[in-house]
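For reference, the chains in residue letters:
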Amino acid sequence: MQEKIINDKILEKMTLDNVFKIFNDNIFPMLNDEEVEYCQELESFCLELHPKIDKSKDVYVLFPELGKHGYMQRINKWRDFEPYGMKKEILLATIMSICDPQLELARLASGILCGNPTFQHGDTSEILKVQDELMSGKEVGCIGITEPERGSDAVNLTTTCTKVDDGIVFSGEKVFTTNGPKAKYFACYGVYDTEHPRQTMVQGMLSRDFGGIETKRLKINSVPRVHIAHTFLNDVKVPMEYILGDNGGGYHNLFNGLVPERLGIMGSGVGICWAGLIYAIIYTNLRQQFGKTVINYQGVGYSLGDLLSKCSAATSLAFQAATIYDDKILFADKPSKEAEKWVAGVSSQGKYLLSKLTHEVCYEVQQQMGGVSVTDNTPVDELMDVSKIEEVIGGARNIQLLILHGGLRRYSKIL
Ligand SMILES: Cc1cc2nc3c(=O)[nH]c(=O)nc-3n(C[C@H](O)[C@H](O)[C@H](O)COP(=O)(O)OP(=O)(O)OC[C@H]3O[C@@H](n4cnc5c(N)ncnc54)[C@H](O)[C@@H]3O)c2cc1C
């Protein structure tokens, strides 16, 4: 804290422990016994980690701590870490976001965006080694889809792939590569033929050790502890053992990967919403003006009630989507095509709704808390900053709506 102005009696109550108490009061009734126990363990871990977090340092020093406890991701089973599945991943993202929203952003990029494809599409010993390094938090991973001239239009990539005797050469440029400047591994997409990107897309796990990868850090003020790159792929030769989807397989992997990615972002969003709201609940229950605690003024209390309703509704959607993903897709003997279609759509709905809600909650609670919330005396301004990028990562607002619009137009076929 650069300069403290918050009242000591309020500050001593603005603890992560108290935030979890209020969070649990709202969330645990929605969970089964196994999920409650999982959350309690995760919260204990966060309570131990939190005092060790140095906000002047990058988040990456914390990755090995997450890795030791199997918290780099929880969709897939890694080593003996249980329970696992999409619901556990959403809960991990939620609780980690409450603890440290910037750490959560970087974890999601390394553990899910780069890590999940190693479980879904990698069966070589080389990929299993990458997986171990990422999951243990010893190495950092990232994903390279977006290019300077290809943002929302993520299919028509300009990064090219060329087959050589013993591998595939990637040449091109990526931008907004979260974790890029710190990463050893880059899950990247390119195409053999820019005229036929769907049929020729390739997904490869590129390692810095292959040579030819250059990263330059972008200045993004809202997440100063996360490094985000402009990435140059200068004829990076990738051995076949590191190719996760060849000749059109990359396109299939790209779109399958976007579903868990968006569900994961929903989890991070749930955490930002609850953290912002709960710090406001604590503060306004203790801050006095005109001889009353400010939550007693309806202008403040009703506004928090409005946000509470929205947070509960958005959380229910995220949990329900994750439960259906687990029951009907991830753990089902035969994944349901109907559920896959529904989850693909609902992950866009939820990502759209929740990322926007993070911003609304943080902005509104700052108005209800007053000046102190825009200083570093409370965690709310950091949450506000992270909320700024939630809508653009994982596909901008209009792209979620474009996907939903496509689904709506298909109904003409069943009429
Ligand atoms: C902090 C941060 C981290 C990121 N991390 C990663 C990462 O790790 N890896 C990665 O690959 N990418 C990453 N991204 C990139 C992110 O996915 C893109 O920014 C996003 O897909 C939008 O692309 P764009 O920024 O180029 O915007 P553009 O595609 O240029 O869009 C500009 C505007 O046009 C709208 N628009 C575009 N097409 C349509 C359409 N058809 N209909 C209606 N509106 C449209 C968009 O909604 C937007 O409002 C990150 C971005 C940020 C800001």
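Above: the structure in question.
Residues numbered from 1 in each chain as written. Predicted model: local features only at pLDDT ≥ 70, side-chain atom pairs only at ≥ 80, totals over all residues. Heavy atoms only, no water.

Caption draft 1: Structural context of a nonpolar patch on the surface. Taken together, the side chains of Leu-408, Tyr-411, Ile-414 and Leu-415 define a hydrophobic patch exposed on the protein surface, amounting to about 560 Å² of accessible area. On the secondary structure map, Leu-408 appears in helix H14 (residues 397-410). (Patch = residues over 30% accessible without salt bridge, like charges linked within 9 Å, V, L, I, M, F, W, Y side chains within 5 Å. Areas by Shrake-Rupley, 256 points an atom, 1.4 Å probe, with all protein chains shown as cover. Salt bridge = Lys/Arg side-chain N within 4 Å of Asp/Glu carboxyl O. Helix = DSSP H or I, 4+ residues; strand = E, 2+ residues; numbered from the N terminus.)

Caption draft 2: Layout of the layout of surface pockets. Taken as a whole, the second largest pocket spans an internal volume of roughly 740 Å³. Around the second largest pocket sit 29 residues that line it, and Lys-55, Asp-376, Thr-378, Pro-379 and Glu-382 are the ones nearest its centre. Elements that contribute at least two residues to the lining of the second largest pocket include exactly helix H5 (86-99), helix H6 (101-114) and helix H13 (380-390). Looking at the lining of the second largest pocket element by element, the count peaks at 4 residues for H13. The class makeup of the residues in the lining of the second largest pocket is 13 nonpolar, 9 polar and 7 charged. (1 Å grid on protein atoms, 1.4 Å probe; cavity = no way out; pocket = protein on both sides within 12 Å on 5 of 7 lines; lining within 4 Å. Points joined across faces, edges and corners; volume = space filled by probe spheres on them. Nonpolar A, V, L, I, M, F, W, Y, C, P; charged D, E, K, R; others polar.)

Caption draft 3: Spotlight on the site of the ligand. Around the ligand, the surrounding shell holds 17 residues, and the nearest of these are Ile-145, Thr-146, Ser-152, Phe-176 and Thr-178. Here an oxygen atom of the ligand sits 2.9 Å away from a polar atom, N or O, in the main chain of Ile-145. The side chain of Thr-178 places a nitrogen or oxygen atom 2.7 Å from a nitrogen atom of the ligand. For the ligand, the accessible surface in isolation is 970 Å², of which the surrounding protein chains cover 66%. (Near = heavy atom within 4 Å. Polar contact = N/O pair within 3.5 Å; in protein donor to acceptor, adjacent residues only side chain to side chain.)

Caption draft 4: Main features of the packing of aromatic side chains. If you walk through the whole model with that rule in mind, you get 7 aromatic pairs. Plain terms: the ring middles of Tyr-60 and Phe-63 are 5.4 Å apart, the flat faces sit at 65° to each other, and that makes the pair edge-to-face. Residue Tyr-60 is classed as buried on the basis of its relative accessible area of 9%. For Phe-63, a relative accessible area of 0% gives the class buried. On the basis of an interplanar angle of 20° and a centroid distance of 5.7 Å, the ring pair of Trp-78 and Phe-81 is categorised as stacked. (Phe/Tyr/Trp six-rings, centres within 6.5 Å; stacked < 30°, edge-to-face > 60°. Buried < 20%, exposed > 50% of the residue type's maximum accessible area, 1.4 Å probe, protein only.)

Caption draft 5: Spotlight on the nonpolar core. Membership of the largest hydrophobic core comes to 120 residues, with the highest contact counts inside it found for Met-96, Phe-170, Met-205, Leu-206, Leu-263 and Trp-274. Looking at which element gives the most residues to this core, the answer is helix H10 (residues 249-286), with 16 residues. Leaving out residues up to four positions away in the same chain, Met-96 has contacts with Leu-42, Phe-45, Cys-46, Leu-66, Tyr-71, Pro-101, Leu-103, Glu-104 and Arg-107. (Core = buried A, V, L, I, M, F, W, Y, C linked by side-chain atoms within 4.5 Å. Contact = heavy atoms within 4.5 Å.)

Caption draft 6: Focus on the pattern of salt bridges. By the definition in use, this model includes 25 salt bridges. The salt bridge involving Glu-89 is made with Arg-107; its shortest N-O contact spans 2.8 Å. Of the two residues, Glu-89 is situated in helix H5 and Arg-107 in helix H6; the sequence distance between them amounts to 18 residues. Among the salt bridges present, the one from Asp-100 reaches Arg-225, with a minimum N-O distance of 2.7 Å. Placement of Asp-100 in the loop between H5 and H6 and of Arg-225 in the loop between strand S6 (213-217) and strand S7 (228-239) is noted, with a sequence separation of 125 residues between them. What emerges from the salt-bridge pattern is a single network uniting Lys-55, Asp-100, Arg-225 and Glu-382.

Caption draft 7: Just the pairing of strand S4 (residues 185-191), in detail. For S4, the buried fraction is high: 7 of the 7 residues fall into the buried class. Because side chains alternate across S4, one face comprises the buried residues Tyr-185, Ala-187, Tyr-189 and Val-191, and the other comprises Phe-186, Cys-188 and Gly-190, equally buried. Of the strand pairs in this sheet, strand S1 (residues 141-144) and S4 are connected by 4 bridges, and their pairing is parallel. Counterpart to Gly-141 in the pairing with S4 is Tyr-185. (Pairing = 2+ DSSP bridges.)

Caption draft 8: Summary view of unusual backbone geometry. In the segment running from Glu-82 into Pro-83, the intervening peptide bond is cis, with an omega of -5°. Within the secondary structure, Pro-83 sits in the loop between helix H4 (63-68) and H5. If you check the backbone angles, Asp-235 has positive phi at about 50° while not being a glycine. Within the fold, Asp-235 resides in strand S7. Asp-235 sits in the exposed class, given a relative accessible area of 55%. Here Phe-290, not a glycine, exhibits a phi torsion of approximately 55°, which is positive. For Phe-290, the location among the structural elements is in the loop between strand S9 (288-289) and strand S10 (292-293).

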